[in-house]
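Summary of the model geometry
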Amino acid sequence: GDILFAEGVKLKFSHNAYLVVKGGMNVLGSPSSPVVFESVGSNWKGIYVLGSPISKSFIKNAVFKNTSGLNDGLLSLTGGVNFYAGTVKMDAVLFQLSSAEDSLNIVNAEIDIANISIINSFSDGFDCDYCKGKITNSLFDGMGGDGLDFSGSSVSLDKLTFKNIKDKALSVGEASSIKISNTSMQNIGVGIAAKDGSYASATNIAISNYALHAAMTYSKKNYYDL
């Protein structure tokens, strides 16, 4: 069933601990008293929300810190915070200091993401696979890999900021269709990369201080057409 974490709750997890939710997860903090998920020591394994086509998750005014990714026996997930299926809505959520492959990973879901900040990720920031919806007013700052990575998704992006990203600010792959507007990218490897049968349209984008290319398109997997 669904689970609710209310305003002011602070959860501390030990190194090998993680949380699995079957259904929807609702986190309803307030601006002055967010719900905090963090580690006792250096890190913890993170969260897996295993939804269904009808499940709904709403995360508002929350903080997720120091996740390392969930590997335990047969359970192996790339994200520090993972959602699978259903509807995922977020507003005012901070993801900080994740050493997982992705700070946030959402698969096969309807998404409405606003005002999230992903800061200081060891690898990628947000990996979105087979999702539909929108991401607005959000910050990606300090990634060892990509900022925002899509596969098989149809998502509109507006008012995003990408800073200090080693690889690609925005990676659009595996037949995704992405619209991006009113966005800035600075101090990055590549601005926008569209590959493997994907479509990306961009309006009002500022890209500065890129190491390789502002934008690029290529085919990595031979069964897709550019």
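From a predicted model like this one, the values you see are computed outputs, not experimental measurements. (Residues numbered from 1 in each chain as written. Predicted model: local features only at pLDDT ≥ 70, side-chain atom pairs only at ≥ 80, totals over all residues. Heavy atoms only, no water.)

Examining the pattern of salt bridges
To be explicit about the condition: The term salt bridge refers to a pairing of a side-chain nitrogen on Lys or Arg with a carboxyl oxygen on Asp or Glu at a separation within 4 Å. Segments assigned H or I by DSSP are reported as helices when at least four residues long, segments assigned E as strands when at least two residues long, and all are numbered from the N terminus. Here the term buried applies to any residue with accessible area under 20% of the maximum for its type, exposed to any over 50%, and partly exposed to those in between, with areas from a 1.4 Å probe on protein chains only.
Within the structure shown, the criterion is met by four salt bridges. For Asp146, the salt bridge goes to Lys168, with nearest N and O atoms at 3.5 Å. Separated by 22 residues along the polypeptide, Asp146 in the loop between strand E15 (132-143) and strand E16 (148-151) and Lys168 in strand E17 (residues 154-173) bring together distant segments of the chain. For the pair Asp146 and Lys168, a shared accessibility class is recorded, and that class is buried. We note a salt bridge from Lys159 to Asp158, for which the minimum N-O separation is 3.0 Å. Residue classification places Lys159 among the partly exposed residues on the basis of a relative accessible area of 44%. A cluster of three or more residues bridged by salt bridges with shared partners is formed by Asp146, Asp167 and Lys168.

Quick look at the nonpolar core
Note the threshold: Definition used in this section: a nonpolar core is a set of buried Ala, Val, Leu, Ile, Met, Phe, Trp, Tyr and Cys residues joined via side-chain atoms within 4.5 Å. Note on definitions: a residue-residue contact is assigned when non-hydrogen atoms from the two residues lie within 4.5 Å.
Among the nonpolar cores identified, the biggest contains 48 residues, and Met25, Met90, Ile106 and Phe126 are the most heavily contacted of them. In terms of residue count, E17 provides more of this core than any other element does, eight residues in total. When neighbours within four sequence positions are excluded, Met90 is seen to be in contact with Ile59, Phe83, Phe95, Leu104, Ile106, Asp112, Ile113, Ala114 and Ile116.

So, the confidence of the model for the protein
Threshold: Confidence scores here are pLDDT values: one per residue, from the predictor, ranging 0 to 100.
With 97% of its residues at a pLDDT of 70 or more, the protein has an overall mean of 94. Throughout residues 222-226 the model reports pLDDT below 50, and contacts reaching past four residues in sequence, or to other chains, amount to eleven contacts.

A few points about the pairing of E17
So the rule is basically this: When DSSP locates at least two bridges between a pair of strands, those strands are taken to pair.
Pairing geometry for E15 and E17, over ten bridges, is parallel. Across the sheet, Asp141 pairs through a bridge with Lys163, a residue of E17. Bridge analysis of E16 against E17 gives four bridges, and the strand direction is parallel. Bridge pairing in E17 places Phe150 opposite Val172. Bridge analysis of E17 against strand E18 (residues 177-195) gives 13 bridges, and the strand direction is parallel. Bridged to Val155 within E18 is Ile178.

Comments concerning the side chain of Ser55
Where we set the bar: Definition of a polar contact: a pair of N or O atoms within 3.5 Å, with one able to donate and the other able to accept a hydrogen when the atoms are protein atoms, and with sequence-neighbouring residues admitted only if both atoms are side-chain atoms.
Considering the arrangement of structural elements, one finds Ser55 in the loop between strand E6 (46-50) and strand E7 (56-65). Residue Ser55 is classed as buried on the basis of its relative accessible area of 8%. There is a polar contact of 2.9 Å between the side chain of Ser55 and the backbone nitrogen of Ser52. Once residues lying within four places of it in the same chain are set aside, the contact partners of Ser55 are Gly23, Gly24, Ala85, Gly86 and Thr87.

A short note on unusual backbone geometry
Of all residues except glycine, most have a negative phi; of all peptide bonds, most are trans. With a phi angle near 50 degrees, Asn137 is a residue other than glycine that sits in the positive phi range. Here Asn137 is to be found in strand E15. Classification of Asn137 as partly exposed rests on a relative accessible area of 41%. A positive phi angle, close to 55 degrees, is found at Asn209, a residue other than glycine. The residue Asn209 is located in strand E19 (residues 199-218) in this model.

Regarding the packing of aromatic side chains
Spelled out, the test is: Working definition: a ring pair exists when centres of Phe, Tyr or Trp rings (six-membered ring for Trp) sit within 6.5 Å. Plane angles under 30 degrees give stacked, over 60 give edge-to-face, the rest tilted.
Scanning all chains against the criterion turns up five aromatic pairs. Judged by centre distance (4.8 Å) and plane angle (10 degrees), the ring pair of Phe37 and Phe64 falls under stacked. Of this pair, Phe37 sits in strand E5 (residues 35-39) while Phe64 sits in strand E7, and the two are 27 residues apart along the sequence. Taking the relative accessible area as the measure of exposure, Phe37 reaches 0% and is therefore buried. Ring pairs connect the aromatic residues Phe5, Phe37, Phe64 and Phe95, which therefore count as one cluster.

Describing the environment of Ile135
Checked against the element boundaries, Ile135 lands in strand E15. Sequence spacing of Ile135 and Asp102 is 33 residues, and the spatial spacing of their C-alpha atoms is 17 Å. In this structure Ile135 touches Ile111, Ile113, Phe126, Leu148, Phe150, Val155, Ser156, Leu157, Asp158 and Leu160, once residues within four positions along its chain are discounted.

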